[in-house]
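Read off the chains here:
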Amino acid sequence: MALQPSSGHEGSGMKTQEGQSNPVLASDVHNIDQGLIEKMLYDALVWSSLHGLVVGDRSSQRSGKMPGVGMVHAPFSLLPTSFPESYWRQACEIAPIFNELVDRVSLDGKFLQDSLSRTGKVDAFTSRLLDIHSKMLQMGKNEDIRLGLHRSDYMLDQQTNLLLQIELNTISSSFPGLSCLVSELHRSLLGHYGESLGLDSKRIPQNTAVDQYAEVFAKAWAEYNNPRSLVMVIVQTEERNMYDQHWLFHVLREKHNVKSIRKTLAEVDAQGELKPDGRLFVDGQEISVVYFRAGYTPNDYPSESEWRARLLMEQSLAIKCPSISYHLAGTKKIQQELAKAGVLERYLDSQEDIAEVRKCFAGLWSLDDPVIIQKAIENPKLFVMKPQREGGGNNIYNEDVKVNLLRIQKEGTEEDAAYILMQRIFPRASPTFLVRDGICHKDHAVSELGVYGTYLRNKEKVIVNQQSGYLMRTKVSSSNEGGVAAGFAVLDSMYLT
Ligand SMILES: Nc1ncnc2c1ncn2[C@@H]1O[C@H](COP(=O)(O)OP(=O)(O)OP(=O)(O)O)[C@@H](O)[C@H]1O
Ligand SMILES: [Mg+2]
């Protein structure tokens, strides 16, 4: 079913594809009047436009390069998704432990190199990252100031009732800006329509991601201790999700008076300079913090120029978010290695913390385990095959798992090292109103909760280590992938139950 907004002056602009007349929210509890949906949709579209809940519009050619040109509301769900408060608390509590885990793992250069070396042999991208990492090890490069902006993604598995981690992102954790706006949008809608819906806006938790991200940037900048220095955001040459990024740096400037610049990797190569003492200058300005919103996919490195830029920044004194070792600690291969028996114990001290982390690990395997390969060939729907990639759209599902496993087995190459196998998580699907391009579709959807974490340490002093807001993403249950920017999911917020 698809709905179009009603301004309150027109007749019903509704399109019915399923012929269903009574839309319901979440767990079939609330019957919502279609006229009400149309009104809320109209209000939500106005709200998004007025508050900057926007992305670049694909149909406008310059929208990925020029701010203010060709904007469209970000895809969102019309109403927040129900989520049990106990699992929300669990995800919040575990965020600082994951921050610490990344930091500890990043210090174990040998573990990162050993775990990823086979992958590096068959995956050129991983190999280049490992090269930079091993250069830093040879140089004995120490990162005194360590900045982590992470997002741990979870799904609530219906069968086991466990909150299971999809993955931990240590590079380019996106949507700290727009996710806060969606929470605000939903609070506003429930403020106006909550009574008719039987929903209370106070049950949507405050989302502080953008403020907390900006604050930790300001603190990192202060630790670097040069008031003239800038924060540099590494961006793709075209970026339709630029407003999410601009939100962050708008808050950084308005609240903390810290300036930032945006550069592509190629621009850093052309304009960057390393002073003999290790300070990084770009376009004549000293850079204290480098924040990567690009550089996580091979597409971001079309030539040697981009790799030179990455190496230059890594060698510098600037605070990298992430450093190469934080980046590697967030790879899917490392996620799988950490799930092996006895590995967490090497990095975390508290038995309680270890148990909490382990509880949210789904089944994770490397492809050198013949028993699990056989199981996956027999029952491919229960597994996801993942290469070492970020940004969505790269995972392998269903029959393709079987086809690829059989092919790799037959060819007998080392290609198996490029992938990990993961237990497929099945969250409960519920009817949801998904809004894209001003049209509201009702469909069965599943949700994925991302919890942001911020971490800042200067030598032995931990300055920040906390949970920092959330991202809810919702997608039609028939879709495998979950990316919003990639076009699979919509932004959402959480209604605690
Ligand atoms: N084990 C799983 N079970 C069910 N769905 C999964 C699983 N792993 C991944 N997915 C789905 O695929 C999407 C992408 O997976 P993943 O996060 O591992 O890849 P990515 O390319 O790093 O994505 P992102 O850009 O969100 O970081 C997830 O958002 C989720 O919807
Ligand atoms: Mg990812």
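Every value quoted in this text rests on a predicted model; they were computed, and no experiment measured them.

1. Structural notes on the overall build of the protein chain
Thought 1: The number of helices and strands found in the protein chain is 14 helices and 25 strands.
Thought 2: For the protein chain, whose C-alpha radius of gyration is 23 Å, the value lies close to the compact-globule estimate of 23 Å for 497 residues.
Thought 3: By its C-alpha atoms, the protein chain is 70 × 55 × 45 Å across when sized along the principal axes.
Thought 4: Going through the 497 residues of the protein chain one by one, you find that 46% of them count as buried.
Thought 5: Long-range contacts, defined as pairs at least 24 residues apart, comprise 73% of the intrachain contacts of the protein chain with a sequence gap of at least 6.

2. Remarks on the UniProt feature "binding site: Mg(2+)" (unreviewed entry) in the protein chain
Thought 1: UniProt records the feature "binding site: Mg(2+)" (unreviewed entry) at Glu167, Asn169 and Glu390, using the numbering of this structure. A maximum C-alpha distance of 10.3 Å is found for the annotated residues, which run over 224 residues; spatially they form one tight group.
Thought 2: Following the sequence through the fold, Asn169 ends up in strand β10 (residues 162–169).
Thought 3: Considering the arrangement of structural elements, one finds Glu390 in the loop between β18 (383–387) and β19 (396–397).
Thought 4: Setting aside its immediate chain neighbours within four residues, Glu390 contacts Ile171, Tyr296 and Thr297.

3. Some thoughts on the nonpolar core
Thought 1: Ranked by internal contacts, the top residues of the largest apolar core, which has 135 residues, are Phe217, Ala220, Val289 and Val290.
Thought 2: Residue contributions to this core peak at 9 residues, all from helix α6 (residues 209–224).
Thought 3: Residues lining this core come from more than one domain, with at least three contributed by each of domain 1 (81–179 + 204–362 + 443–496) and domain 2 (363–424).
Thought 4: Filtering out sequence-adjacent residues up to four positions away, Ala220 remains in contact with Ile145, Leu147, Val289, Ile319 and Leu456.

4. Thoughts on the packing of helix α4 (residues 124–139) against helix α9 (residues 304–315)
Thought 1: For the pair α4 and α9, the least separation of the axes is 11 Å and the interaxial angle reads 30 degrees. Here α4 lies roughly parallel to α9, going by the angle between them. Note that α4 runs across α9; the crossing there is right-handed. Along the contact surface, α4 presents Arg128, Ile132 and Met136, while α9 presents Trp307, Arg310, Leu311 and Glu314.
Thought 2: Grouping the amino acids of the contact of α4 with α9 by side-chain chemistry returns 4 nonpolar, no polar and 3 charged.

5. A few points about the pairing of strand β21 (residues 430–436)
Thought 1: In terms of strand pairing, strand β7 (residues 76–77) meets β21 through 2 bridges, oriented antiparallel. Bridge pairing in β21 places Ser77 opposite Leu434.
Thought 2: Alignment of β21 against strand β22 (residues 439–458), held across 7 bridges, turns out to be antiparallel. Bridge pairing in β22 links Ser430 to Ala445.
Thought 3: Hairpin connection of β21 to β22: 2 residues between the antiparallel strands, including Asp437 at a positive phi of 50 degrees.

6. Brief notes about the environment of Arg146
Thought 1: When you line up the elements, Arg146 lands in strand β9 (residues 145–157).
Thought 2: Distance in space between the C-alpha atoms of Arg146 and Leu456 is 5.6 Å, their sequence separation being 310 residues.
Thought 3: Discounting residues that sit within four places of it in the chain, Arg146 has contacts with Asp103 and Arg457.

7. Description of the site of ligand 1
Thought 1: The environment of ligand 1 is made up of 21 residues, and the closest members are Glu390, Gly392, Met422, Ile425 and Gly482.
Thought 2: Of all the secondary-structure elements, those providing two or more residues to the shell around ligand 1 are β10, β18 and β20 (419–423).
Thought 3: Among the elements that line the shell around ligand 1, the one with the most residues is β10, at 3 residues.
Thought 4: The class makeup of the residues in the shell around ligand 1 is 5 nonpolar, 8 polar and 8 charged.

8. Quick word on the sheet that holds strand β17 (residues 364–366)
In sheet architecture, strand pairing relies on hydrogen bonds along the backbone and comes in two forms, parallel and antiparallel.
Thought 1: As summarised here, the arrangement of the 4 strands in space is β17-β20-β18-β19, forming an open sheet in which the pairing is antiparallel. Either end of the sheet is taken by a strand with one partner, and the two such strands are β17 and β19.
Thought 2: Alignment of β18 against β19, held across 2 bridges, turns out to be antiparallel. Paired with Val384 across the bridge in β19 is Tyr397.

9. A closer look at unusual backbone geometry
Comment: phi is negative for the bulk of residues other than glycine, and the bulk of peptide bonds are trans.
Thought 1: Pro322 follows Cys321 through a cis peptide bond whose omega is 5 degrees.
Thought 2: Positive phi outside glycine occurs at Asn161, with the angle close to 60 degrees.
Thought 3: Structurally, Asn161 is set in the loop between β9 and β10.
Thought 4: Residue Asn161 is classed as exposed on the basis of its C-beta count, with 10 C-beta atoms lying within 10 Å.
Thought 5: Here Asp283, not a glycine, exhibits a phi torsion of approximately 55 degrees, which is positive.
Thought 6: Structurally, Asp283 is set in the loop between β14 (280–282) and β15 (285–292).
Thought 7: The partly exposed category is assigned to Asp283, around which 15 C-beta atoms lie within 10 Å.

10. Observations regarding the confidence of the model for the protein chain
Thought 1: For the protein chain, per-residue confidence averages 93 on the pLDDT scale, and residues scoring 70 or more make up 93% of the total.
Thought 2: In this model, residues 8–29 is a region of pLDDT below 50 whose contacts with residues beyond four sequence positions or in other chains number 38 contacts.

Cut-off values and rules
Residues numbered from 1 in each chain as written. Chains lettered and ligands numbered in written order. Predicted model: local features only at pLDDT ≥ 70, side-chain atom pairs only at ≥ 80, totals over all residues. Helix = DSSP H or I, 4+ residues; strand = E, 2+ residues; numbered from the N terminus. Rg over C-alpha atoms; globule rule 2.2 N^0.38 Å. Buried ≥ 20, exposed ≤ 12 C-beta atoms within 10 Å, placed from the backbone. Contact = placed C-beta atoms within 7 Å. UniProt positions renumbered as here; feature names shortened; annotations may be inferred. Core = buried A, V, L, I, M, F, W, Y, C linked by C-beta atoms within 7 Å. Domains from an automatic or database assignment. Axes fitted to C-alpha atoms, helices over the stretch in contact; angles between N-to-C directions. Parallel < 35°, antiparallel > 145°, perpendicular 65-115°, else oblique. Left-handed = near helix turned anticlockwise from the far one by under 90°. Nonpolar A, V, L, I, M, F, W, Y, C, P; charged D, E, K, R; others polar. Pairing = 2+ DSSP bridges. Near = placed C-beta within 6 Å. pLDDT = per-residue confidence, 0-100.

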